[in-house]
Amino acid sequence: MDTQGLADLDAIDAFKLAIEQSPKDLQTIAKEMEWSGSYVRRVFSTENFFPSIIYLPRFCHVVGNSLVLQWLQAKVMTYGIPKVDRDVNCENLAFRIANIFGEVGDLGRKGQEAVADGVLDQGEVRTLINETKDILTEGYELIADLRILERDLAAEGKGASA
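As the structure is a computational prediction, the values presented were derived from the model and not from experiment.

## What to know about the packing of aromatic side chains
Following the criterion strictly, the structure yields five aromatic pairs and no others. Consider the rings of Trp35 and Tyr39, whose centres lie 5.3 Å apart with planes at 45°: the pair is tilted. Residue Trp35 is classed as buried on the basis of its relative accessible area of 11%. With centroids separated by 6.0 Å and ring planes inclined at 15°, the aromatic side chains of Trp35 and Phe59 adopt a geometry described as stacked.

Next up, the structure:
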């Protein structure tokens, strides 16, 4: 996964994605974390309130992924690097979605080539991993930008235009 794409996410987005990628629902996760309803609302509100760092390993175990830790590492590795401003408007959104579909097409084509002989070799597996990472990078960058737009629109109380 592209470090910058992950680093562009806000903390709330990293937590939300970790939960979305979990096979468990939020209620189950909250119960296993021993979080109250008010605590969960605070974590997922717009305020800067997050679980203590000592609970991050447990959170990752409960959700079944380490996305929050990967996000934190990406933030550390890109600290001080200015974020590229990628505004999202209707035209830009259509273009970016088309790029994601293009990446999915690349993965599909490489996958078909890899399985054509009925055997996967190490090089083919590496290629498929890289193609999948390209999809995730594009997706995470789009999510990060859409979350920023979502917050901006909520603050302005209006919709986006072309």
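## Quick word on the packing of helix H7 (residues 90-115) against helix H8 (residues 122-156)
Axis separation between H7 and H8 bottoms out at 9 Å; the angle between their running directions is 165°. Compared by their axis directions, H7 and H8 come out roughly antiparallel. Here the hand of the crossing between H7 and H8 comes out left-handed. Among the residues making up the contact of H7 with H8, the classes are represented as ten nonpolar, five polar and eleven charged.

## A short note on the pattern of salt bridges
Taken as a whole and judged by the stated rule, the model has seven salt bridges. A salt bridge links Glu34 to Arg58; the nearest nitrogen and oxygen atoms lie 3.8 Å apart. Residue Glu34 is located in the loop between helix H3 (26-33) and helix H4 (37-43), and its partner Arg58 is located in helix H5 (residues 56-63); the two are separated by 24 residues in the primary sequence. Residue classification places Arg58 among the partly exposed positions, given a relative accessible area of 31%. Here Asp145 makes a salt bridge to Arg96, at a shortest N to O gap of 2.8 Å. Of the two residues, Asp145 is situated in helix H8 and Arg96 in helix H7; the sequence distance between them amounts to 49 residues. For the residue pair Asp145 and Arg96, the accessibility class agrees, reading buried in each case. Bridged by salt links that share partners, the residues Asp13, Glu20, Arg147 and Glu150 form one connected network.

## Notes on H7
An α-helical segment advances 3.6 residues per turn. Residues three or four places apart therefore align on the same side. With 26 residues, H7 should reach 38 Å at 1.5 Å per residue; the first-to-last C-alpha distance of 38 Å fits that figure. By the burial criterion, the buried members of H7 are Arg96, Ile100, Glu103, Gly111 and Ala114. Looking at where H7 begins, the residue whose side-chain oxygen comes 3.2 Å from the main-chain nitrogen of Glu91 is Asn89.

The rules behind the values
Residues numbered from 1 in each chain as written. Predicted model: local features only at pLDDT ≥ 70, side-chain atom pairs only at ≥ 80, totals over all residues. Heavy atoms only, no water. Phe/Tyr/Trp six-rings, centres within 6.5 Å; stacked < 30°, edge-to-face > 60°. Buried < 20%, exposed > 50% of the residue type's maximum accessible area, 1.4 Å probe, protein only. Axes fitted to C-alpha atoms, helices over the stretch in contact; angles between N-to-C directions. Helix = DSSP H or I, 4+ residues; strand = E, 2+ residues; numbered from the N terminus. Parallel < 35°, antiparallel > 145°, perpendicular 65-115°, else oblique. Left-handed = near helix turned anticlockwise from the far one by under 90°. Nonpolar A, V, L, I, M, F, W, Y, C, P; charged D, E, K, R; others polar. Salt bridge = Lys/Arg side-chain N within 4 Å of Asp/Glu carboxyl O. Expected span 1.5 Å × (residues − 1). Polar contact = N/O pair within 3.5 Å; in protein donor to acceptor, adjacent residues only side chain to side chain.

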